[in-house]
Protein chains: 2
Amino acid sequence: MQGTSFIAGGRAKESGGTVHAVNPATGEVLAPEFCEASTDDVHRACEAAWVAFQSYRLLPDARRATFLRAIAGQIESRQEAVVQRGQQETGLPEARLKGELARTCNQLGLFASLLEEGSWPQPRIEHGDPDRKPIPKPDLRSIKRPIGPVAVFCASNFPLAFSVAGGDTASALAAGCPVVVKAHHAHLGVAAIVADAITAAVAECDMPPGVFSMLFGSGRTIGQALVRHPRIKAVGFTGSRAGGRTLMDIAAARPEPIPVYAEMSSVNPIVILPGALGERGESIAKGLHGSVTLGVGQFCTNPGLVFLPAGAAAEKFAATLARLMEDTPTCPMLHSGIRSAYSEGIQQRERSGNVKKLATSDGDLGAGRSHAGAVLFQTTADAYLQDEQLAAEIFGPATLLITYEDDKQLDQLVDSLEGQLTATVHATADDLQNRQRLLAALELTAGRLVFNGYPTGVEVNHAIVHGGPYPATSDGRTTSVGEMAMYRFTRAVAWQDCPDDQLPDALKESNPLGIRRQVDGQWQ
Amino acid sequence: MQGTSFIAGGRAKESGGTVHAVNPATGEVLAPEFCEASTDDVHRACEAAWVAFQSYRLLPDARRATFLRAIAGQIESRQEAVVQRGQQETGLPEARLKGELARTCNQLGLFASLLEEGSWPQPRIEHGDPDRKPIPKPDLRSIKRPIGPVAVFCASNFPLAFSVAGGDTASALAAGCPVVVKAHHAHLGVAAIVADAITAAVAECDMPPGVFSMLFGSGRTIGQALVRHPRIKAVGFTGSRAGGRTLMDIAAARPEPIPVYAEMSSVNPIVILPGALGERGESIAKGLHGSVTLGVGQFCTNPGLVFLPAGAAAEKFAATLARLMEDTPTCPMLHSGIRSAYSEGIQQRERSGNVKKLATSDGDLGAGRSHAGAVLFQTTADAYLQDEQLAAEIFGPATLLITYEDDKQLDQLVDSLEGQLTATVHATADDLQNRQRLLAALELTAGRLVFNGYPTGVEVNHAIVHGGPYPATSDGRTTSVGEMAMYRFTRAVAWQDCPDDQLPDALKESNPLGIRRQVDGQWQ
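Residues numbered from 1 in each chain as written. Chains lettered and ligands numbered in written order. Predicted model: local features only at pLDDT ≥ 70, side-chain atom pairs only at ≥ 80, totals over all residues.

Moving on: the overall build of chain A. Tallying secondary structure elements over chain A gives 15 helices and 23 strands in all. With respect to the three principal axes, the spread of C-alpha positions in chain A is 75 × 65 × 40 Å. Among the 524 residues that make up chain A, the fraction classed as buried is 59%. When contacts within chain A are restricted to residue pairs at least 6 apart in sequence, those whose partners lie at least 24 apart make up 76%. (Helix = DSSP H or I, 4+ residues; strand = E, 2+ residues; numbered from the N terminus. Buried ≥ 20, exposed ≤ 12 C-beta atoms within 10 Å, placed from the backbone. Contact = placed C-beta atoms within 7 Å.)

Shown next as structure tokens:
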């Protein structure tokens, strides 16, 4: 394994500082050393992406579909290496890595299917009328077109599905945009294997080499240089609120501001209504425990706040959940930095006079100083509403129970929420009678409303929304998962009175692609 | 006519400074005085919009359609007053104002039709599967929902179609978002009449009063306070690049950044290819003259740059166009400030050593110091490419001819362009053979490509794109005109495993609205 950046089909020269991956479970330093990209490498990757864009954006959709499927194939053929290296670098179990690899390839396949079907650019045709008075009506036709090279930042918590060939890359490449990826320091080796797979697919499908590059280096230097580069036209990011906001600010201050799609922080509130708590409190406690501790709590949809009605049922629920949390085995988090942040979050909450710690299995850090256990806190709505620190995300397997006295207090809790990826309700049919206000208020806070379930586990499909109002994401109008993610990297372009032979195929009068189009206001 | 701001069905108290409209043709100061809104007025309007949003966003589409049609009706019933006051305030002729009023009402009608048809929120349903392995598949359903109260800034150059009840307001109200309008100082009286019409429609349709407010005052104080207000969730603006960028920067720096849809500056390049110039140079010169001088050049789609092949045909073309420009009568611009900026632009260009002034009818400012005539400049591609000032917009009836020597130079010209609303090509079928590179490069610069026509005159329909890469607009992914404008004010929300009776009607299994939906990946 060679430790230099991937630039447009070639590799960067060795230069600058080096970084290496660490096994979070053991603390072992993993070979090889990876060379940080230089600012010249950033420039070369972005210019190559711009050159590639000129041909890649005009390729038939079928060619791009083949390319996406080839990437999936190349990744699958490297599954053993990915899973082995992934376990060393991230401490994630084999089954999770295999599942995430399958998900990553399925995601590439979803976009390939959309391209093969062909209607995704939403062609709209409005025929002209030369006899219209007082002036003739022109012929107008529009479709969605790619916006240009995209900078993609890998996520710490998904070495595959939100990293080198993850959702941002897949949707950008599908839309017709080259990508320049910034690898994450927590899984450099996995990044290199996947970048090698994409590079092989570029060659296999005879794509312009600049369609894919990947840089190693720090977010502060290489990442920011990437976002500032004039050839970059959009940014995809999954990570911390501070990191995402920094990129948003840099992008907004460019001479030409560009969109940033940052998926940042979410505490994913769970609202338990009285009927549901009474009927199946124990089963909700078990389900919640599974959701909070899944993947050592390192999911953006991890539920960090639970609103439940005060009383005997809540006490029983809390006791059940506390027992489950106490019994949760410690596991390595993705790296020692995430583990330190988790400890700090827990300690800060402990210092607050407003919460009780009901349970913890947190303790031994392990040889890699990265192991973490589960922690359960409890407080009252009154205390919660007076301490805004309690609404902050603790990234890891911890959650906070908040007991409310009545519907009015529940409304206050919900109205106080910042933007979220998800909001969940546990309710019986009776609970939901005359609770329109509650559901309407929850809708304002979140991108996805979950009923009688748990927010972790994000489906990749046509209807999914994985987005939400700020600060859950930078741009609540979009989703980073599913079919609609592609539209983040497009803009509409119209052709007026264009000769038929010069139109994109999707807009030609004879509909040679046989796709679904809007014609004179009617979809057909 | 009363001169105070409109706040949620009532009127603001008299306070602060006053402003008044001026007849640009005569300089006459027009009664009444208008009171500038206070920051407390801004706050009251925004809070009322937030309250209104809670019910307005959940109304059936049909109710909102009725409301939009009622606004159109109320405006139509005030046509005489609007047109009379409009002529006094803007110097625009009666026919233009009547046409613009009709366009404004048609625009409201277009969005009403979309709401009546009902499929606009793009419902997507993906059925669950309890038997899926390894975990059950949830039921997921999503639609577009409104994002919240919108601040709308009126445009100087469209007192109706891009002002109080213009495209931004119509599309925001259609999407389910209340609006708070900032009136433009150039047409305060028209703004008051239209605000009165909307207020009457709010009462007529029993809408929540906060769904509409309108503030008088300066952009620097009231406008900026509006964009900073936490209840405002998006901004619509049509105006200068400096003004738009200021709002973009303010919105991006908010604790909760919000989208700004600013339509700013565009020089709308026209490319004339050799065959077309030879075959119909005279007719193109006439058409171009009409487009440059339409509405005293005060359109955002006004063509400010014309690329044409050097040679005898170009000289003949320039001479024809020069004669037409010389003969153009002077007319009042919208206000003396726009007129001064036009003079400054012309003088700066004259001072440049790189251009020749071929023709002018500019001279007498008139009693209102607002009259302007046409000006024609010419330069070469070499000179143009060395002086980036020549690519700047001069808002008014002026244009610049740039002669190119060959295709390579034409490519350089096109590659040098900033983002544009439109780009136009005059070409024969022969001209377009083997000119894919040119068309592909033009596509990158613009939102709308016009063939053998002129960019002024923007259709309001299903396929139109009135947007373009920065700095033409703040957000090239969107259009401010036509059906797609509505989506600027929406975000997707998903419901997971939601009981059918709690779903929005658009997503209920029985499809009670009978609308077009995507079901398990198929639009039906």
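Glancing now at the sheet that holds strand 12 (residues 270-272) of chain A. Reading across the sheet, the twelve strands line up as 15(A)-17(A)-18(A)-13(A)-12(A)-19(A)-20(A)-21(B)-6(B)-5(B)-22(B)-23(B) and stay open at both edges, with mixed pairing between neighbours. Strand pairing shows two members of the sheet lacking a second neighbour, strand 15 (356-360) of chain A together with strand 23 (522-523) of chain B, which therefore form its edges. (Pairing = 2+ DSSP bridges.)

Next up on the list: the interface of chain B and chain A. In this assembly, 53 residues from chain B lie in contact with 53 residues from chain A. Listing elements by their share of the side of chain B that touches chain A, those giving two or more residues are strand 5 (124-126), strand 6 (140-146), helix 8 (241-253), helix 14 (429-432), helix 15 (436-445), strand 20 (446-451) and strand 21 (490-496) of chain B. A total of six residues in the side of chain B that touches chain A trace back to one element, the largest contributor, which is strand 21 of chain B. For the side of chain B that touches chain A, a count of residues per class yields 27 nonpolar, 13 polar and 13 charged. (Nonpolar A, V, L, I, M, F, W, Y, C, P; charged D, E, K, R; others polar.)

Time to look at the relation of the copies chain B and chain A. For the pair chain B and chain A, the best superposition has an RMSD of 0.0 Å and corresponds to a rotation of 180° with a translation of 0.0 Å parallel to the axis. When the rotation and shift are considered jointly, the pair of chain copies conforms to a two-fold rotation axis. Residue Ala252 of chain B, judged by its C-alpha, is the member of chain B lying nearest the rotation axis, at 3.2 Å. By residue overlap, the copies meet face to face through one surface: 98% of the interface positions of chain B are interface positions in chain A. (Least-squares fit on C-alpha atoms with pLDDT ≥ 70 in both.)

All names here are of chain B. In contact at an axis separation of 9 Å, helix 7 (residues 219-228) and helix 8 are set at 35° when each is read in the N-to-C sense. Every pair of crossing elements has a handedness; the one defined by helix 7 and helix 8 is right-handed. Residues Gly219, Gln224, Val227 and Arg228 of helix 7 touch helix 8, and the partners they reach there are Gly243, Leu247, Ile250 and Ala251. Here the residues of the contact of helix 7 with helix 8 are counted per class, giving four nonpolar, three polar and one charged. (Axes fitted to C-alpha atoms, helices over the stretch in contact; angles between N-to-C directions. Left-handed = near helix turned anticlockwise from the far one by under 90°.)

Our next topic: the nonpolar core. Ranked by size, the top nonpolar core spans 179 residues in total, and within it Leu68, Ile71, Val194, Val235 and Phe307 of chain A carry the most contacts. Per element, the largest residue contribution to this core is eleven residues, and it comes from helix 6 (residues 188-204) of chain A. Within the second largest apolar cluster, 178 residues are counted, among which are Trp495 of chain A together with Phe67, Leu215 and Phe216 of chain B. (Core = buried A, V, L, I, M, F, W, Y, C linked by C-beta atoms within 7 Å.)

Another point: the pairing of strand 18 (residues 398-404) of chain A. Residues and elements named next belong to chain A. Taking burial as the measure, the seven residues of strand 18 include seven buried ones, the bulk of the element. Covered by surrounding structure in strand 18 are Ala398, Leu400, Ile402 and Tyr404 together with Thr399, Leu401 and Thr403, the residues of both alternating faces. The sheet contact formed by strand 13 (residues 305-309) and strand 18 spans five bridges and is parallel. By the bridge assignment, Phe307 is partnered in strand 18 with Ile402.

Attention now goes to the sheet that holds strand 10 (residues 234-238) of chain A. Residue and element names in this part refer to chain A. Strand order in the open sheet made by the seven strands is 2-1-9-8-7-10-11, with mixed pairing throughout. Each end of this open sheet is capped by a strand with a single partner; those strands are strand 2 (10-11) and strand 11 (260-263). In the sheet, strand 8 (residues 179-182) pairs with strand 9 (residues 212-215) via four bridges, with the strands oriented parallel. When the bridges of strand 9 are listed, Lys182 appears paired with Leu215. The sheet contacts of helix 8 (residues 241-253) involve strand 10 and strand 11, and relative to strand 11 the element is tilted by about 170°.

All names here are of chain A. For helix 4 (residues 94-117), spanning 24 residues, the distance from its first C-alpha to its last is 34 Å, which sits close to the expected 34 Å at 1.5 Å a residue. Of the positions making up helix 4, those classed as buried are Leu97, Glu100, Leu101, Thr104, Cys105, Gln107, Leu108, Leu110, Phe111, Ala112, Leu114 and Leu115. Buried residues belonging to helix 4 abut helix 2 (61-76), helix 3 (79-90) and helix 5 (167-175). Phi turns positive one or two residues past the end of helix 4, at Gly118, with a value near 95°. (Expected span 1.5 Å × (residues − 1).)

Before going further, it helps to examine the environment of Ser15 of chain B. Residue and element names in this part refer to chain B. Looking at the secondary structure, you find Ser15 in the loop between strand 2 (10-11) and strand 3 (18-22). For Ser15, a count of 14 C-beta atoms within 10 Å gives the class partly exposed. For the pair Ser15 and Thr4, spaced eleven residues apart in the sequence, the C-alpha separation amounts to 8.7 Å. Beyond its immediate chain neighbours, meaning those up to four positions away, Ser15 contacts Cys35 and Ser38.

This is a description of form; function is not addressed.
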